[in-house]
Amino acid sequence: MVSLRFPFLFSQPTSLPGTPQNHHRNTSSRHFSATLAAATGVGAAAAAGVAVVSQNPNHPFLQNAVNFLFRDHSSPPWGSLSLADGSAPVVESKTGVSFPSVLGNSLELLGIGLRKKSILGLKNIDVYAFGVYANGDDLKTLLSEKYGNLSATELKDNKDFNNDLMEADICMTVRLQIVYSKLSIRSVRSAFEESVGSRLQKFGGSDNKELLQRFTSQFKDEYKIPRGSVIDLIRERGHILKTTIDGKEVGSIQSKLLCRSILDLYIGEDPFDRRAKEDVEVNAASFVQK
Ligand SMILES: CCCCCCCCCCCC(=O)O
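Quick notes on the rules
- All residue numbers refer to position in the chain's written sequence, counted from 1.
- Predicted model: local features are reported for residues with pLDDT of at least 70 only, side-chain atom pairs are reported and counted for 80 or more only, and whole-chain, interface and lining totals are derived from all residues.
- Only hydrogens and water are set aside when side-chain values are computed; all heavy atoms of the structure are taken into account.
- UniProt positions are given in the numbering used here, feature names are shortened, and annotations may be inferred rather than shown by experiment.
- Like-charged residues within 9 Å of one another, or nonpolar side chains (Val, Leu, Ile, Met, Phe, Trp, Tyr) within 5 Å, are grouped into patches, provided each residue has over 30% relative accessible area and no salt bridge.
- Computed with the Shrake-Rupley method and a 1.4 Å probe, the accessible areas treat only the protein chains shown as cover for residues.
- For salt bridges, the criterion is a side-chain nitrogen of Lys or Arg within 4 Å of an Asp or Glu carboxyl oxygen.
- The helix and strand labels rest on DSSP assignments: H or I over at least four residues marks a helix, E over at least two residues marks a strand, and numbering proceeds from the N terminus.
- Exposure classes here rest on a 1.4 Å probe applied to the protein chains alone. A residue is buried below 20% of its type maximum, exposed above 50%, and partly exposed in between.
- Two rings from Phe, Tyr or Trp (for Trp, the six-membered ring) form a pair when their centres sit within 6.5 Å of each other. Planes less than 30 degrees apart are called stacked, planes more than 60 degrees apart edge-to-face, and all others tilted.
- The rule for a residue being near a molecule or strand is that one of its heavy atoms must lie within 4 Å of it.
- Two N or O atoms count as a polar contact when they lie within 3.5 Å, although within protein this holds only if one can serve as hydrogen donor and the other as acceptor, and sequence-adjacent residues are included solely when both atoms are side-chain atoms.

Where an unreviewed UniProt entry is consulted, the protein chain appears under the name Fatty-acid-binding protein 1, with the organism given as Herrania umbratica. Word for word, the UniProt comment on the protein chain under Sequence similarities (unreviewed entry) is "Belongs to the chalcone isomerase family."

Structural data, given as structure tokens:
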């Protein structure tokens, strides 16, 4: 199947019912690295008001054709697609997993990606799709004084900005949507042990076994994780990491180190999906800019 990747924009809703007005909703648009599976697929997605996103190489000819067909005439003609309804969910095209563009009224989708894992060093499987969300007002309040005058290009790959995104007291959520159908809770625990464990060690030294154990023990044997399960890793104010499985809270731990370690998996130095990280930085920048 031919696919292509290009960044596209979708405009924000003017307001959501019961949501306080946020000027970003009216004035900004977000950027996602997009791969459109095929022009017909794009048409169906656009008609359905859904943005399709994933990670694949460029294909300029198709890109041109798709942009011509679907561009909003107020947007740049090349490399961007503006959907009429900015509140449309965004779909990760390889897996078909869909992410709401706003979570719980205040968290804005900044980027989506795919977590792959190799089994026995042989087969690479798609384990889950993920979406990174942040509170736009927190981004502005906490980061705009320091970074408000820098462009999105200057903020992408800017180590200080990236560190502050992970360390500041910004409400954020990473939503994992399981796509691998044979996942056991035991493998979830051991995957977290490995990935979060390595980050705890990196940022906090070797003496964090108890913290890691507190976190991983939240994933109890009685929970089932079939395909379609949703794990939310929620950083609340005060660096509290709340974890939910299919909307049910399974635990809550106050630890800046743990929150930072979790975020590092998705937007840190060596993220699971580099393009997702780039999108998060560029979209976070749009909230921060003065
Ligand atoms: C057979 C593969 C098992 C992988 C399970 C990953 C489940 C969630 C773990 C989240 C953290 C991570 O991605 O490392």
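Residues Ile-119, Leu-120 and Leu-122 make up a contiguous nonpolar surface patch of about 370 Å² in total accessible area. Considering the arrangement of structural elements, one finds Ile-119 in strand S7 (residues 107-119). Residue classification places Ile-119 among the partly exposed residues on the basis of a relative accessible area of 34%.

Further remarks concern the packing of aromatic side chains. The full count for this structure, using the stated rule, is seven aromatic pairs. Measuring from ring centre to ring centre gives 6.4 Å for Tyr-128 and Phe-130, while their planes differ by 65°; the resulting arrangement is edge-to-face. The same class applies to Tyr-128 and to Phe-130, which are both buried. Summarising the aromatic geometry, the rings of Phe-215 and Phe-219 are spaced 5.6 Å apart at their centres and angled 75° between planes, so their arrangement reads as edge-to-face. By relative accessible area, Phe-219 is classed as buried at 0%.

All right, on to the site of the ligand then. In the vicinity of the ligand, the residues found are Arg-115, Lys-117, Ile-125, Val-127, Tyr-128, Leu-183, Ser-187, Val-188, Ala-191, Phe-192, Ser-195 and Phe-272. In this structure, Arg-115 approaches the ligand through a side-chain N or O atom, which is 2.7 Å from an oxygen atom. In this structure, an oxygen atom belonging to the ligand sits 2.5 Å away from a side-chain N or O atom of Tyr-128. In the complex, the protein chains occlude 93% of the 430 Å² of accessible area that the ligand would expose alone. Of all the secondary-structure elements, those providing two or more residues to the shell around the ligand are S7, strand S8 (123-135) and helix H7 (185-204).

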